Every structure is written in C-alpha cells, then in structure tokens.
Amino acid sequence: MTDVSADTRGSGRTGRKSDKGGNPISRFFRSISLFVSQILDELRKVVRPTRSELVNYTIVVIVFVTFVMALVATVDFGFTKLVLWVFGGK
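Presented here is an overview of the structure given in this document. Model, not experiment: these values are computed from the prediction.

1. A few points about the overall build of the protein
Counting its regular elements, the protein contains two helices and zero strands. Surface accessibility of the protein: about 9000 Å² in total, with carbon and sulfur atoms responsible for 67%.

2. Regarding helix α1 (residues 24-45)
Structural remark: α-helix, 3.6 residues per turn; residues separated by three or four positions point the same way. The end-to-end C-alpha distance of α1, which contains 22 residues, comes to 32 Å, matching closely the 32 Å that a straight helix rising 1.5 Å per residue would cover. For α1, the capping residue at the N-terminal end is Asn23, with a side-chain oxygen 3.1 Å from the backbone nitrogen of Ile25.

3. What to know about helix α2 (residues 51-87)
Taking 1.5 Å per residue as the helical rise, α2 with its 37 residues ought to reach 54 Å, and the 54 Å between its terminal C-alpha atoms agrees with that figure. Once α2 finishes, Gly88 follows within two positions and takes phi at roughly 75°, a positive value.

4. Quick look at the pattern of salt bridges
Taken as a whole and judged by the stated rule, the model has two salt bridges. The partner of Arg44 in a salt bridge is Asp41, and the shortest N-O contact between them spans 2.7 Å. With Arg44 and Asp41 both in helix α1 and three residues apart, the pair spans about one turn of that helix. Of the residues examined, Arg44 reaches a relative accessible area of 61% and is grouped as exposed. In this structure, Lys45 engages Glu42 in a salt bridge whose closest nitrogen and oxygen atoms are separated by 3.2 Å.

The rules behind the values
- Residues numbered from 1 in each chain as written.
- Predicted model: local features only at pLDDT ≥ 70, side-chain atom pairs only at ≥ 80, totals over all residues.
- Heavy atoms only, no water.
- Helix = DSSP H or I, 4+ residues; strand = E, 2+ residues; numbered from the N terminus.
- Areas by Shrake-Rupley, 256 points an atom, 1.4 Å probe, with all protein chains shown as cover.
- Expected span 1.5 Å × (residues − 1).
- Polar contact = N/O pair within 3.5 Å; in protein donor to acceptor, adjacent residues only side chain to side chain.
- Salt bridge = Lys/Arg side-chain N within 4 Å of Asp/Glu carboxyl O.
- Buried < 20%, exposed > 50% of the residue type's maximum accessible area, 1.4 Å probe, protein only.

Here it is as structure tokens:
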C-alpha cells in the first residue's frame, strides 16, 4: 500500500516550482514572455483569406456601407422635410 499525501493528490501540480517564486522583476518578465508566446501561438492558428476572397469581402463591405449611407441620407432628408413642414419652416 502506497501512502499518497493529501497535498499532492488531485492538485494538478506536476512538481514544478510555483510561479509565485522568484523576485517580482523576473516574474514580471516571465509573465510578459508567456503572454507574447500565447499571442504568437494564436496568430499561427489564424486562417488568412485568399486574394479573391479579400477582394470579394472588400466589395461586399463597400456596397453595404454605400447602401446604409443612402438609407440614412434618405431618412435624414425625410425627417428634415417633415420637421420643416410641421414647424412652418421654409
């Protein structure tokens, strides 16, 4: 029968030195290094669009923005005419 202490059972630790050890400056730079490495790992997962997809997406965005601009301009023009008619403007 083996004796497993309650401190190590189920804690998920692998016997590594705790991240709380060391001086604050080395912990700071270690955390910055970890942050940058995680960013680079995530950027490696990014799927970049092909040239034709990028052109299609750009055209869709330009058409959509133009449509919304025309819609807002039309509603603005209509409200302007309505307000001028209600309040007797020229």
